[in-house]
Amino acid sequence: MTEPKVLEDALRRSQEMYRVLFQMNPNPVWVCDAETLRILAMNDGAIRVYGYAREEFLGLTLPDLHVSDDVPSLLEHASSPQPELVDAGVWRHRKKGGTIIDVELVSQEVLVGGVRALLVMAIDVTDKRRAEEALRRSEYLYRTVASNIPSGAVGLFDRELRYIVVDGAGVLDAAGVSKEALVGKTIGEVLPADTWALLEPLCRSALEGRTANGEVPSRGRTYFIQTLPIPGENGEVSMGMVMALDITARKRAEEVVRRMNEDLERRVAERTAELEDAYHHLQALSAHLQSVREREQARVAREIHDELGQALTGLKFELSRLAQRLRGHPGGVSDQATALGAVVDETIHNVRRISSELRPAILDDLGLVDALEWHAEEFEKRTGITCTIKAPRRRIEAGPDLGIALFRICQEALTNVARHARATAARIVLARNRGHVVLEVHDNGAGIPPAVLTSAKSLGLLGMRERTRAFDGELVIRGAPGEGTVVRVKIPCRD
Ligand SMILES: Nc1ncnc2c1ncn2[C@@H]1O[C@H](COP(=O)(O)OP(=O)(O)OP(=O)(O)O)[C@@H](O)[C@H]1O
Ligand SMILES: [Mg+2]
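Residues numbered from 1 in each chain as written. Chains lettered and ligands numbered in written order. Predicted model: local features only at pLDDT ≥ 70, side-chain atom pairs only at ≥ 80, totals over all residues. Heavy atoms only, no water.

Things to note about the coordination of the magnesium ion (ligand 2)
Step number 1: At 2.1 Å from the magnesium ion (ligand 2) lie its protein donor atoms, namely Glu 412 (OE) and Asn 416 (OD1). Here Asn 416 and Glu 412 lie together in helix H15 (residues 399-421), a separation of four residues that amounts to about one turn.
Step number 2: Exposure remark for Asn 416: the relative accessible area of 16% places this residue in the buried category. (Donors = N, O, S within 2.8 Å, 3.2 Å for Na, K, Ca; no water. Helix = DSSP H or I, 4+ residues; strand = E, 2+ residues; numbered from the N terminus. Buried < 20%, exposed > 50% of the residue type's maximum accessible area, 1.4 Å probe, protein only.)

This is the structure:
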């Protein structure tokens with residue numbers, strides 16, 4: 001082959017190669033007149049991306065592809081000579097339908113048939129730009145959140161417990177150095193040893209895949225710490241996140257409240273102890289007064305019975321002798337003496353009754369069951385309210401003090417029946433029952449109103465309660481409107 005033929009072939013091959021490169025390039029490429037900027041040729045990529053048909057493209061100039069705001073700077077850019085390959089930066093282009101895309105333009109001046117032209121390649125970077133924008137925005141948001149954590153810090157650390165990033169307004173307080181100075185250091189290096197001792201297990205558990213939290217003091221403040229694992233792309237934990245919230249003020253407030261509570265509880269306990277003390281004194285005093293009163297009543301009952309009773313019996317005897325002697329005397333003096341004897345009889349009866357009420361001798365002589373039977377009979381006679389009693393046949397060995405207490409409770413309960421219940425019948429039940437003695441007084445009256453049970457004015461009920469309590473017993477009073485009332489006393493008692 002001759003020399004010119006070889007050169008011609010090489011040139012043809014090289015032109016062919018450029019043509020293929022131009023046509024096959026997936027990015028839009030076009031050639032435009034350097035003076036008029038009219039588009040002279042374009043590849044399939046340009047047709048595909050911009051949506052213009054080849055003929056439409058040939059009627060356009062380069063500025064027609066640009067958004068109108070950018071045209072002045074484009075013209076300025078195109079007017080300067082560009083012998084070298086120039087990366088013209090990112091521009092906004094308009095497609096046929098009006099859609100705006102971001103393109104990075106690379107251009108080079110070429111000679112086409114002796115005319116200066118520009119070879120321009122456009123690379124569509126719209127998606128890349130959007131992704132970059134989204135990333136920038138999310139990073140901005142993250143920074144805004146992290147750096148605005150008002151009283152704490154947030155950070156990421158790697159598997160060597162080395163800070164990767166730290167942020168938050170409380171970093172300086174917590175670590176004693178700025179957030180920039182922390183990056184690259186291990187957490188243990190910067191924190192006081194006692195703080196690190198508490199924090200390290202939390203960080204390690206994050207690296208082992210578990211979230212953890214705890215309260216950690218550091219440099220005079222207290223932090224609520226939360227750590228969590230951050231999985232990498234392969235799913236393994238590649239780093240951990242630590243969040244520290246300064247809870248010093250809350251802790252202090254809690255401490256103040258706790259101390260106040262303790263103080264209050266102590267004072268309440270003191271007052272309660274004082275009140276309990278006073279209450280026990282009152283109980284003892286009340287029991288003492290009760291027994292003094294019982295002794296005194298017993299003494300008065302005996303005096304009345306013995307002294308007054310004997311004197312009256314003597315008087316009655318003398319009067320009946322006098323009546324006999326006066327028999328037959330005029331003026332009916334003998335009858336008057338007999339009538340006086342009847343008055344004395346009545347008085348003797350009254351004296352016996354009064355002395356029995358003060359202290360029923362029968363209680364001391366025959367025991368509780370007989371005393372209650374006698375009292376029931378007397379009650380029925382006096383009030384007209386039927387009063388029955390059910391009691392064990394054998395004596396109840398209650399002892400004199402318990403005996404008098406139960407008798408007095410029954411006496412008060414029956415007095416209440418007579419005074420308040422408007423009942424027609426009352427019933428006393430006395431029973432022994434596994435180490436207890438139980439006394440019940442039932443009536444079929446109006447029923448005790450619940451409000452009076454707790455009223456401080458109910459002194460009769462209070463007296464019953466006091467007597468019961470003195471023997472470690474319990475007193476229950478129940479009443480329902482129209483269904484009567486039950487007073488029930490249960491007192492521990494040896495057999
Ligand atoms: N069996 C009863 N049926 C209905 N109401 C009763 C009965 N027993 C007591 N009450 C009511 O309970 C109140 C308190 O009784 P409590 O024995 O304490 O006082 P009181 O009998 O009024 O006065 P006292 O101090 O003289 O006993 C009575 O005023 C009465 O209203
Ligand atoms: Mg009463």
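Quick word on the domain arrangement of the protein
Step number 1: Partitioning the protein into structural domains gives domain 1 (3-124), domain 2 (137-246), domain 3 (261-359) and domain 4 (367-492).
Step number 2: For domain 1 and domain 2, the distance between their C-alpha centres works out to 53 Å. (Domains from an automatic or database assignment.)

Focus: the nonpolar core
Step number 1: Within the largest apolar cluster, 36 residues are counted, with the highest numbers of intra-cluster contacts made by Leu 406, Leu 414, Leu 430, Val 437 and Leu 439.
Step number 2: Within the residue set of this core, elements represented by two or more residues are helix H14 (368-383), H15, strand E12 (425-433), strand E13 (436-443), helix H17 (459-470), strand E14 (474-480) and strand E15 (484-492).
Step number 3: With sequence-adjacent residues up to four places away left out, Leu 430 is seen in contact with Leu 368, Val 369, Leu 372, Lys 390, Ala 391, Pro 392, Ile 396, Val 437, Val 438 and Leu 439.
Step number 4: Residues Leu 161, Tyr 163, Ala 206 and Val 237 belong to the second largest nonpolar core, which totals 25 residues. (Core = buried A, V, L, I, M, F, W, Y, C linked by side-chain atoms within 4.5 Å. Contact = heavy atoms within 4.5 Å.)

A few points about the sheet that holds strand E7 (residues 163-167)
Step number 1: The strand order across the open sheet formed by five strands is E7-E6-E10-E9-E8, and the pairing between neighbours is antiparallel. Single-partner strands in this sheet number two, and they are E7 and strand E8 (212-218). On average, each strand axis in the sheet is inclined to that of its neighbour by 20°, with strand direction left out of account.
Step number 2: Examined bridge by bridge, strand E6 (residues 152-158) and strand E10 (residues 237-246) share seven bridges and lie antiparallel to one another. By the bridge assignment, Ala 153 is partnered in E10 with Ala 244.
Step number 3: Strands E8, strand E9 (221-231) and E10 of the sheet are contacted by helix H11 (residues 248-325), whose axis makes an angle of about 130° with E9. (Pairing = 2+ DSSP bridges. Axes fitted to C-alpha atoms, helices over the stretch in contact; angles between N-to-C directions.)

Looking at the pairing of strand E5 (residues 115-124)
Step number 1: Here five bridges tie strand E1 (residues 29-33) to E5, and the two strands are oriented antiparallel to one another. Across the sheet, the residue bridging to Asp 33 is Ala 117, located in E5.
Step number 2: In textbook terms, the turn of a hairpin is the stretch between consecutive antiparallel strands, and for strand E4 (residues 100-112) and E5 this stretch comprises two residues, one of which, Gly 113, has a positive phi near 55°.

Focus: the site of ligand 1
Step number 1: Taken together, the neighbourhood of ligand 1 is formed by 14 residues, with Glu 412, Asn 416, His 420, Asp 443 and Leu 461 sitting nearest.
Step number 2: One of the side-chain N or O atoms of Glu 412 is found 2.9 Å from an oxygen atom in ligand 1.
Step number 3: Take Asn 416: an N or O atom from its side chain is 2.9 Å from an oxygen atom of ligand 1.
Step number 4: Here ligand 1 loses 76% of its free accessible area of 590 Å² to cover by the protein chains.
Step number 5: Considering every element that reaches the shell around ligand 1, the biggest residue donor is H15, with five residues.
Step number 6: Among the residues forming the shell around ligand 1, the class breakdown is five nonpolar, six polar and three charged. (Near = heavy atom within 4 Å. Polar contact = N/O pair within 3.5 Å; in protein donor to acceptor, adjacent residues only side chain to side chain. Areas by Shrake-Rupley, 256 points an atom, 1.4 Å probe, with all protein chains shown as cover. Nonpolar A, V, L, I, M, F, W, Y, C, P; charged D, E, K, R; others polar.)

Focus on helix H12 (residues 333-358)
Step number 1: Look at H12: 37 Å from first C-alpha to last across 26 residues, which is about the 38 Å you get at 1.5 Å a residue.
Step number 2: Those residues of H12 that sit buried are Ser 334, Ala 337, Gly 341, Val 344, Ile 348, Val 351, Ser 355 and Ser 356. (Expected span 1.5 Å × (residues − 1).)

Remarks on the packing of aromatic side chains
Step number 1: Across all of its chains, the model carries three aromatic pairs by this definition.
Step number 2: Both rings, one in Tyr 50 and one in Phe 57, keep their centres 6.1 Å apart while their planes meet at 70°; by these two values the pair is edge-to-face.
Step number 3: The class of Tyr 50 is buried, set by a relative accessible area of 1%.
Step number 4: A relative accessible area of 0% places Phe 57 in the buried class.
Step number 5: By way of ring pairs, the aromatic residues Trp 30, Tyr 50, Tyr 52 and Phe 57 are connected into one cluster. (Phe/Tyr/Trp six-rings, centres within 6.5 Å; stacked < 30°, edge-to-face > 60°.)

Quick notes on H15
Step number 1: Between its first and last C-alpha, H15 extends 31 Å over 23 residues, near the 33 Å set by a 1.5 Å rise per residue.
Step number 2: Two residues or fewer after H15 comes Arg 422, characterised by a positive phi angle close to 50°.

Overview of the sheet that holds E14
Step number 1: The strand order across the open sheet formed by five strands is E11-E12-E13-E15-E14, and the pairing between neighbours is mixed. Strand pairing shows two members of the sheet lacking a second neighbour, strand E11 (386-390) and E14, which therefore form its edges. Strand after strand, the sheet turns through a mean of 10° between neighbouring axes, direction not considered.
Step number 2: Across five bridges, E11 lies against E12 in parallel orientation. Paired with Thr 388 across the strands is Arg 427, a residue of E12.
Step number 3: Contacts from H14 reach E11, E12 and E13 within the one sheet, and its direction differs from that of E11 by about 165°.

Concerning the pattern of salt bridges
Step number 1: Under the criterion given, the structure shown has 31 salt bridges.
Step number 2: As a salt-bridge pair, Glu 262 and Arg 258 come within 2.5 Å of each other at their nearest N and O atoms. Note that Glu 262 and Arg 258 are positioned in helix H11 at a spacing of four residues, about one turn of the helix.
Step number 3: Residue classification places Glu 262 among the partly exposed residues on the basis of a relative accessible area of 43%.
Step number 4: Among the ionic pairs, Glu 440 bridges to Arg 488, the shortest N-O distance being 2.8 Å. Of this pair, Glu 440 sits in strand E13 while Arg 488 sits in strand E15, placing them 48 residues apart in sequence. (Salt bridge = Lys/Arg side-chain N within 4 Å of Asp/Glu carboxyl O.)

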